[in-house]
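Results of the structural survey
One letter stands for each residue in the lines below.
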Amino acid sequence: MPDSCLTKLILSAHVDPACTTVEERVLRYLRDCCASHEFHSVEAAVLQLRCSRRQLQRALKKLCDYGGTLRRPLFC
């Protein structure tokens, strides 16, 4: 297998355990798959997390309200 296919397979196995919530998958994705611990592409995150854009928005809002993540403005 080429490195890119192997990497995708490993990341997919890391992010998508069967019995987790979207919030847990988001935190795991940010911790294990994003070097800067930030989302750079919502589309890529949605595909990787296997959830809808709306589910991702709800999970991020819940995590921000709870204090599990910080929201940074796009333009400073």
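Structure shown above.
Keep in mind it's a predicted model, so treat the numbers as computed, not measured. (Residues numbered from 1 in each chain as written. Predicted model: local features only at pLDDT ≥ 70, side-chain atom pairs only at ≥ 80, totals over all residues. Heavy atoms only, no water.)

Quick look at the pattern of salt bridges
According to the stated counting rule, one finds 4 salt bridges in the structure shown. Between Lys 62 and Glu 23 there is a salt bridge, with the nearest N and O atoms lying 3.8 Å from each other. Here Lys 62 is found in helix α4 (residues 53–66), whereas its partner Glu 23 is found in helix α2 (residues 22–32), with 39 residues between them in sequence. A relative accessible area of 53% places Lys 62 in the exposed class. Take Glu 23: its relative accessible area is 19%, and that puts it in the buried class. Close ionic contact of Asp 32 with Arg 31 constitutes a salt bridge, the shortest N to O distance being 2.8 Å. (Salt bridge = Lys/Arg side-chain N within 4 Å of Asp/Glu carboxyl O. Helix = DSSP H or I, 4+ residues; strand = E, 2+ residues; numbered from the N terminus. Buried < 20%, exposed > 50% of the residue type's maximum accessible area, 1.4 Å probe, protein only.)

From the geometry alone we can't say anything about function, so treat these as descriptive.
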